[in-house]
Amino acid sequence: MAQIGASVPATPKKVSTLSKRKVQTTIFILLALGPSYCGYLLFTLYPNILSAYYSLLEWNGITDPKFVWFDNYKYLFQDEYVWRALGHNLILMVTVPILTIIPSIFLAYLLNVKGYKESPLYKVIYFLPNVLAVIVIALMWSFIYDGSNGLLNAILNLFGIDNNDFYWLGSKKTAIWALLPPLIWGGVGFYVVIFMNAMKSIPPSLYEAAILDGASHMTRLRKITIPLINPIVRISTLFLVLGVFKGFEIMLIMTNGGPAGSTEVIGLYMFNMAFGKSSHNYGYASAIGMFLFVVLVIAKLLIDRLSSKDHAEF
């Protein structure tokens, strides 16, 4: 007589079914994740490892590489152009996220909460710069800043301000600040769409209760909207900061770091070291790339430490 509670041995049919399911699950995981992991290993991890190796070399891409070990890093910390470029990155890191996130929140709030009939059209208009290629945006703003035929000078002339065909990208005092509008204009629309979608998840009853209490739009924005979308705002700020540190396409097209290096950022300096007209120092450019990687990691950790992770729940 069988004992009560004794385990019933699995039949061969059940064992076969379980084995088939495991095999099918394994095949599905390999097919779903395998290409992504292979792409990551081939196009991300392997180039980064290769860059770390190149940073120990003196190599121009043609002659035989020569091991110099950490000489590139020693020279990097003594290179005044690196620190000048990093200073320009810090200026953009502070200004661009603030001047992008704040207008994006206000515009998203107006389009989402006010409920304008034209909201879909406004959303398309705001998002349009993200559809354009970077080179189109850069060339368009270069024409706007042109001294003799630029739109900006023409508008100033309408108000009686004659600046003698001043070229905004040709002066060390204005060039770095002239890069802010294209960077901000190219990013606001993207974050307007993100914040609008985040605001749609907020229950309307919260706004209705605030309206009954006599709360103004600014109070509702500060007390309800921003606290509830705070995680999205924090992640968006992180992406903007890291993007400003890595990006250099607009600077390359509009000024190529000029005049006199006043708009050169760390990514552009690295690019010119590797592929410039007068320099093909892949080893030193790779060392700058590794330095930039460390800076980005530190920036990410600082943002996580300084930004509040607490957010309201509903």
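Our subject in this report is the structure included herewith. (Residues numbered from 1 in each chain as written. Predicted model: local features only at pLDDT ≥ 70, side-chain atom pairs only at ≥ 80, totals over all residues. Heavy atoms only, no water.)

1. Remarks on the nonpolar core
As a rule of thumb, soluble globular proteins bury nonpolar side chains together. If you look at the biggest cluster of nonpolar residues, it comprises 41 residues, and the most contacted ones within it are Leu92, Ile105, Phe195, Met199 and Met254. Only helix H3 (80-113), helix H5 (134-144), helix H7 (175-178), helix H8 (180-199), helix H9 (204-212), helix H10 (217-228), helix H11 (230-246) and helix H12 (249-254) provide two or more residues apiece to this core. Looking at this core, the element that brings in the most residues is H8, giving 9 residues. In contact with Met254, other than residues within four places in its own chain, are Ala138, Trp141, Ser142, Tyr145, Leu169, Leu179 and Pro182. If you look at the next biggest cluster of nonpolar residues, it comprises 22 residues, including Tyr73, Leu242, Tyr284 and Ala287. (Core = buried A, V, L, I, M, F, W, Y, C linked by side-chain atoms within 4.5 Å. Buried < 20%, exposed > 50% of the residue type's maximum accessible area, 1.4 Å probe, protein only. Helix = DSSP H or I, 4+ residues; strand = E, 2+ residues; numbered from the N terminus. Contact = heavy atoms within 4.5 Å.)

2. Here we look at the packing of H8 against H11
Contact geometry for H8 and H11: axes closest at 11 Å, N-to-C directions at 165°. With respect to each other, H8 and H11 are oriented roughly antiparallel. Regarding H8 and H11, the two cross each other, and that crossing is right-handed. Contacts between H8 and H11 involve Tyr191, Ile194, Phe195 and Ala198 on the former and, on the latter, Ile232, Val233, Ser236, Phe239 and Leu240. Split by residue class, the contact of H8 with H11 holds 8 nonpolar, 1 polar and no charged. (Axes fitted to C-alpha atoms, helices over the stretch in contact; angles between N-to-C directions. Parallel < 35°, antiparallel > 145°, perpendicular 65-115°, else oblique. Left-handed = near helix turned anticlockwise from the far one by under 90°. Nonpolar A, V, L, I, M, F, W, Y, C, P; charged D, E, K, R; others polar.)

3. Digging into the side chain of Thr174
Mapping Thr174 onto the fold places it in the loop between helix H6 (151-158) and H7. Within the local environment of Thr174, its side chain forms a polar contact with the backbone oxygen of Trp168, the two atoms lying 2.7 Å apart. Contacts of Thr174, omitting those with residues within four sequence positions, involve Phe166 and Trp168. (Polar contact = N/O pair within 3.5 Å; in protein donor to acceptor, adjacent residues only side chain to side chain.)

4. Regarding H10
Here H10 is 12 residues long and its end C-alpha atoms lie 15 Å apart, about the 16 Å a rise of 1.5 Å per residue gives. Within H10 the residues assigned to the buried category are Arg220, Leu221, Ile224, Thr225 and Leu228. Looking down the long axis of H10, one finds its buried residues gathered within 125° of arc, a one-sided arrangement. Tucked inside the fold, the buried residues of H10 contact H3, H8, H9 and H11. (Expected span 1.5 Å × (residues − 1). Arc of directions from axis to C-beta.)

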